[in-house]
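Observations on the three-dimensional arrangement
For reference, the chains in residue letters:
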Amino acid sequence: EIGFVWDAPDKWAGSKRGKKGWMQMFKELMEYREKHGDCLVPSRYEDNPTLGSWVRFQRYQYQNKRKGKTTRMTEERQHKLE
């Protein structure tokens, strides 16, 4: 047995788990917006690859939510991103 966890939360929820991790990434997104004037972070953003992946994941979660699928995209998070 190696201790594999089958129901582990997605890493973008945070290791920094949950709301605190999400809020840290949101803060980094706001810093990106301040610097670049938009929130169009490239998926493979060289200056902050984690931010690029996180933004991609937020879009994925939002799309799933709109399709009625189970997602971690809460109303609060969606509101902050809009």
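Scroll up to find the structure.
Source: prediction; values computed, not measured.

Here the focus is the pattern of salt bridges. By the definition in use, this model includes 1 salt bridge. Glu75 is the partner of Lys65 in a salt bridge, and the nearest nitrogen-oxygen pair spans 2.6 Å. With a gap of 10 residues between them, Lys65 in helix H2 (residues 49–66) and Glu75 in helix H3 (residues 75–81) connect regions that are remote in the sequence. Lys65 sits in the partly exposed class, given a relative accessible area of 21%. Using a relative accessible area of 55% as the deciding quantity, one classes Glu75 as exposed.

This next bit is on the packing of aromatic side chains. A complete count under the given rule lists 4 aromatic pairs for this structure. Geometrically, the ring pair formed by Tyr32 and Tyr45 is edge-to-face, given 5.1 Å between the ring centres and 85° between the ring planes. Within this pair, whereas Tyr32 is found in helix H1 (residues 18–36), its partner Tyr45 is found in the loop between H1 and H2, the two being separated by 13 residues in sequence. The two residues Tyr32 and Tyr45 agree in class, both being buried. Taken together through their ring pairs, the aromatic side chains of Trp22, Phe26 and Trp54 make up a single cluster.

Trp22, Met25, Phe26, Leu29, Tyr32, Val41, Tyr45, Leu51, Trp54 and Val55 form the largest nonpolar core, which has 10 residues in total. Those elements giving two or more residues to this core turn out to be H1 and H2. Here the element with the most residues in this core is H1; it accounts for 5 residues.

Looking at the secondary structure, you find Arg44 in the loop between H1 and H2. A residue is classified by how much of its surface remains accessible, and Arg44, at 77% relative accessible area, is exposed. Between the alpha carbons of Arg44 and Arg56 there is a distance of 9.5 Å; along the sequence they are 12 residues apart.

Each value, and the rule that gives it
Residue positions within a chain follow its written sequence, with the count starting from 1. Totals for whole chains, interfaces and linings use all residues, but because this is a predicted model, local features are given only for residues with pLDDT of at least 70 and pairs of side-chain atoms are given and counted only at 80 or more. Working from all heavy atoms in the structure, the side-chain values ignore hydrogens and water. In the sections that follow, a salt bridge refers to a side-chain nitrogen of Lys or Arg positioned within 4 Å of a carboxyl oxygen of Asp or Glu. Only DSSP runs of H or I covering at least 4 residues are called helices, and only runs of E covering at least 2 are called strands; the numbering of each starts at the N terminus. Exposure classes here rest on a 1.4 Å probe applied to the protein chains alone. A residue is buried below 20% of its type maximum, exposed above 50%, and partly exposed in between. The pairing test for Phe, Tyr and Trp rings, Trp by its six-membered ring, is centres within 6.5 Å, and the orientation test on the planes gives stacked under 30 degrees, edge-to-face over 60, and tilted for anything in between. As used here, the term nonpolar core means buried Ala, Val, Leu, Ile, Met, Phe, Trp, Tyr and Cys residues forming a set that is joined through side-chain atoms within 4.5 Å.

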